[in-house]
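Survey of secondary and tertiary structure
The lines below spell out each chain.
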Amino acid sequence: MIQTMDVAVRCRNLRMTYDGKVEAVRGLDLQILTGECFGLLGPNGAGKTTTIEILEGLLSQTSGEVEILGKTWKDHSRELREVLGVSLQETRLPEKLTVRETLQLFGSFYRYARPTLEVMNEMALTEKANSWVGKLSGGQRQRLAVATALVANPMLLFLDEPTTGLDPQSRRQLWDILRQFQRRGGTVLLTTHYMDEAERVCNRVAVIDHGRAIASGRPAELIEELGGQQMVEFETTGDSWGASDRWRSLPGVETVHVEEGRVMLSVRETHETIPALLAALQKSGARLLRLTTRQASLEDVFVRLTGRRLREE
Amino acid sequence: MSYLSLEHETDVASAKDAKLPTLSSKNSRWAGYWQLMMARMKEMWREPEVIFWVFVFPILLALGLGIAFRNKPADVYRVAIVGGEGDTHALDLLKASLQGGSVRTDELPLADALNQFRLGKYDLVVVPKAGSGFEYRYDPVRPESVLARTVVNDAMQAAAGRKDAIQVSSKASSEPGARYIDFLIPGLLGMNLMNSGMWGIGFALVQMRQRKLLKRFVATPMRRGDFLLGLVSSRLGLMLVELALLLGFGVIAFQMRVVGSWASVILISAVGALSFGGLGLLTASRAQKTETVSGLINVVMMPMWMFSGVFFSYERFPAVIQPFVKLLPLTMLNDALRATILGGASLASQGTRLLILLLWGAVSYALALRWFRWT
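Residues numbered from 1 in each chain as written. Chains lettered and ligands numbered in written order. Predicted model: local features only at pLDDT ≥ 70, side-chain atom pairs only at ≥ 80, totals over all residues.

1. Some points on the overall build of chain A
Within chain A one finds eleven helices and 13 strands. Dimensions along the principal axes, computed over C-alpha positions, put chain A at roughly 75 × 45 × 40 Å. Counting over 313 residues, chain A shows a buried share of 45%. Long-range pairs, those at least 24 residues apart, make up 70% of the contacts in chain A with a sequence separation of at least 6. (Helix = DSSP H or I, 4+ residues; strand = E, 2+ residues; numbered from the N terminus. Buried ≥ 20, exposed ≤ 12 C-beta atoms within 10 Å, placed from the backbone. Contact = placed C-beta atoms within 7 Å.)

Structure representation (structure tokens):
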């Protein structure tokens, strides 16, 4: 099914070097289909913002090709701006304008704009229509930022870290809005460093690290590629147990990762591995300090691929 | 909750349950420009600092300076008469004089008299000489001191019986137009147009750049020229209010007379507002931080505060620097405003000045557009 869809965004061998020194993006290939929600997932400084700003036509790449709806920024800038809605990281909208005025202002830049009231209703901002932007909460501001993009009735929505710094409820609200937009046939590209966000709202993700895509595909597929879909984490007394080979030989274990004395196993079936693990511990006389099992996540994919965590917490 | 069920849905959400958005009618060519200009005006109106610095401060300045330097009906000279021999004679002579009303005298010892004269409390010290006659102690660089000497001397000589050789008569003629406040208000108007142009455009732009708002704007199909035009023309609306307030204040509070036509005054002010808007644009074309642009704006404005004849005539500066002074945009604006408001000069006669002013504006715009950074 995917193969037959139209391509909304395509970039090939994208490279971006700042001041001839800092390589922010080093050869990135992306293909985003019409109607899907695509996530660029990666730690801070991975090159996500640079990539999305190149795709938004706000930065010029050092080399590589970018096509939005089959058109290049060089030749069709104005046309593309009409159909692309963006929300940048850290834009601070004028504080002394009201929500309504802000949307009217942004709407006036497009040939056709949606009625301000309709967008405010959709974004749950109607109550705040006459409040100054400076008086809004973080979640309301972020919704307004997305509203300034939606007022244009765009075909594409590019959002740079739309939920960073938001409380869980505001994040969910925003995810619902993205789902609505997608249901109308819109295409979404977003960057995030929240794995749960990528897993929940994105149809496909590309995991970015040091300016390269180190994995891409559907979140579920990427997790499956880990080998197991379950994770077993434990800690024991005695450090001689840190040797990872020992754990790999347990039944059902696919990968082993040791971090600060904690052992993380990705396993096919928890009920196969746990009894064997307990038996092995019993035999050695080590005491179990902690044992948890959980579903594997994109975080585990990232840890597996880079040996690092996505966010240093 | 819908987001939880996402993984079980198809890759691409179906459009069947979508509410299609409605579209308003087509935006006109100038919709963006109009909204940008209105947004800028609203923002300024809602900023208490802007209201104070643009509208209240110039009026307070005019009020303060107008009162401090108001022309008194006739100056009262303060004269110290040194006590001792012959002082009663001097006092009698002064009292007998016709102009005795404009001279206030005190009697005190020599040392005190000289000390207070040095501090400016007295304009003149009259010291009786041992035999007969007086000695005047005065300060030749203090106009009031020089005048006091003449007035006191004339009074005493007349009282002592000196006759004027020629019969003269005088008629008082003091009309609005020649007073300090008349000079000051057009200067304050010029300075205000400069201040609000530089801050209202230069500072505001850098703030928008720092807040990534400019970047957000260029991510829309907004016409960049419309943005800059909207910013500058929002200044024109504000300019009319500044003009009406300051000149109105002069007329009402100080009975100032606007001799030239209001239309010319408005036109000259508009040219000034636009030119300083251009200069503001230029100072803001590359700066990334508001701190940087504040410094730049002050560097640009400082020479004009000093040299362009806001508070006093630039004729007082040495002749060598006059050509430089006369090229400054604020000098041109102030001269044109004064010539029109006070002298009733025609617009045509101000052509050269307006041309120089416009040239400043045009060159600034051209350079600003070339250098301007949106991100």
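Back to the write-up after that little detour.
2. Considering the overall build of chain B
Across its full length, chain B holds 13 helices and four strands. In chain B, which comprises 375 residues, the share counted as buried stands at 36%. For chain B, the share of sequence-separated contacts (at least 6 apart) that also reach a separation of at least 24 residues comes to 80%.

3. Things to note about the domain arrangement of chain B
Here the domain parsing of chain B yields domain 1 (77-159) and domain 2 (176-371). Summarising the inter-unit geometry, the C-alpha centres of domain 1 of chain B and domain 2 of chain B are found 49 Å apart. (Domains from an automatic or database assignment.)

4. Observations concerning the sheet that holds strand β12 (residues 262-267) of chain A
Residues and elements named next belong to chain A. Pairing in this open sheet of four strands is antiparallel, and the strands run β11-β12-β10-β13 from one edge to the other. Both edges of this open sheet fall to β11 (253-259) and β13 (288-295), since each of them pairs with a single strand only. Each adjacent strand pair in this sheet contributes to an overall mean axis angle of 20°, direction not counted. The pairing of strand β10 (residues 230-236) with β12 spans five bridges and is classified as antiparallel. Counterpart to Q230 in the pairing with β12 is V267. The sheet contacts of helix α10 (residues 270-284) involve β10, β11, β12 and β13, and relative to β10 the element is tilted by about 15°. (Pairing = 2+ DSSP bridges. Axes fitted to C-alpha atoms, helices over the stretch in contact; angles between N-to-C directions.)

5. Some details on the nonpolar core
Counting residues in hydrophobic clusters, the biggest one holds 146 residues, and the most contacted among them are A:L41, A:L55, A:A147, A:F158, A:L189, A:L298 and B:I185. No other element matches the 15 residues that helix α6 (residues 180-210) of chain B contributes to this core. Residue contacts for A:F158: discarding those within four places in its chain leaves A:I52, A:L55, A:E56, A:L84, A:V86 and A:L189. (Core = buried A, V, L, I, M, F, W, Y, C linked by C-beta atoms within 7 Å.)

6. Points about helix α6 (residues 168-183) of chain A
One full turn of an α-helix is made of 3.6 residues, so residues set three or four places apart face in the same direction. Residues and elements named next belong to chain A. The end-to-end C-alpha distance of α6 is 23 Å, a good match for the 22 Å that 16 residues give at a rise of 1.5 Å each. Three or more residues of α6 are buried, namely R171, L174, W175, L178, F181 and Q182. End-on view of α6: buried residues confined to an arc of 120°, all on one side of the axis. Tucked into the core, α6 has its buried residues touching β3 (37-41), α5 (138-150), β6 (156-160), β7 (187-192) and α7 (195-201). At the exit of α6 stands G185, carrying a positive phi of roughly 100°. (Expected span 1.5 Å × (residues − 1). Arc of directions from axis to C-beta.)

7. So, the packing of helix α2 (residues 48-68) of chain B against helix α8 (residues 224-254) of chain B
Residues and elements named next belong to chain B. Direction vectors running N to C along α2 and α8 enclose 25°, while the axes themselves pass 10 Å from each other. Here α2 lies roughly parallel to α8, going by the angle between them. Our pair here, α2 against α8, has a crossing hand that is right-handed. Where α2 abuts α8, its residues V54, F55, P58, I59, A62, L63 and G66 lie against L238, V241, E242, L245, L246, F249, G250, A253 and F254. Residue composition of the contact of α2 with α8, grouped by class: 13 nonpolar, two polar and one charged. (Parallel < 35°, antiparallel > 145°, perpendicular 65-115°, else oblique. Left-handed = near helix turned anticlockwise from the far one by under 90°. Nonpolar A, V, L, I, M, F, W, Y, C, P; charged D, E, K, R; others polar.)

8. Quick word on α2(B)
Residue and element names in this part refer to chain B. With 21 residues, α2 should reach 30 Å at 1.5 Å per residue; the first-to-last C-alpha distance of 28 Å fits that figure. All of the buried residues in α2 are V54, P58, A62 and G66. Check the buried side of α2 and you find it contacts α6 and α8.

9. Comments concerning the interface of chain B and chain A
Accessible area lost upon the coming together of the parts is a frequently used measure of interface size. Contact residues are listed per partner, giving 37 residues for chain B and 46 residues for chain A. When contributions to the side of chain B that touches chain A are tallied by element, the ones reaching two or more residues are α1 (31-45) and α7 (213-218) of chain B. A per-element tally of the side of chain B that touches chain A places α1(B) first, with seven residues.

10. Re the environment of A:I52
Residues and elements named next belong to chain A. Structurally, I52 is set in helix α1 (residues 48-55). Judged by the 22 C-beta atoms lying within 10 Å of it, I52 falls in the buried class. Sequence-distant contacts of I52, defined by excluding residues within four places in its chain, comprise L40, F158, D160, L189 and T191.

11. Some details on the sheet that holds strand β3 (residues 124-128) of chain B
Residue and element names in this part refer to chain B. Taken in spatial order, the four strands line up as β2-β1-β3-β4 in an open sheet, and their pairing is mixed. Only two strands of the sheet have a single neighbouring strand rather than two, namely β2 (103-108) and β4 (134-137). Ignoring strand direction, the axes of neighbouring strands in this sheet form an average angle of 25°. Relative to β2, strand β1 (residues 77-82) is paired through six bridges, and the arrangement is parallel. Across the sheet, residue A80 finds its bridge partner in β2, namely D106. Relative to the sheet, helix α4 (residues 110-118) contacts β1, β2, β3 and β4, its axis offset from that of β1 by approximately 155°.

12. Things to note about the pairing of strand β5 (residues 84-87) of chain A
Residue and element names in this part refer to chain A. Here β5 shows no split at all, with L84 and V86 on one side and G85 and S87 on the other all buried. Looking at chain direction, β5 and β6 are connected through four bridges and run parallel. Among the inter-strand pairings, L84 is bridged to a residue of β6, identified as L156.

13. So, the packing of helix α3 (residues 99-107) of chain A against α5(A)
For any two helices packed against each other, the geometry comes down to the angle between their axes and how far apart the axes lie. All names here are of chain A. Where α3 meets α5, the axes come as close as 9 Å, and the angle between the chain directions of the two elements is 30°. Classified by the interaxial angle, the pair formed by α3 and α5 is roughly parallel. Crossing hand, α3 versus α5: right-handed. The segment α3 lies against α5, with V99, T102, L103 and F106 engaging L144, A147 and T148. Here the residues of the contact of α3 with α5 sort into five nonpolar, two polar and no charged.

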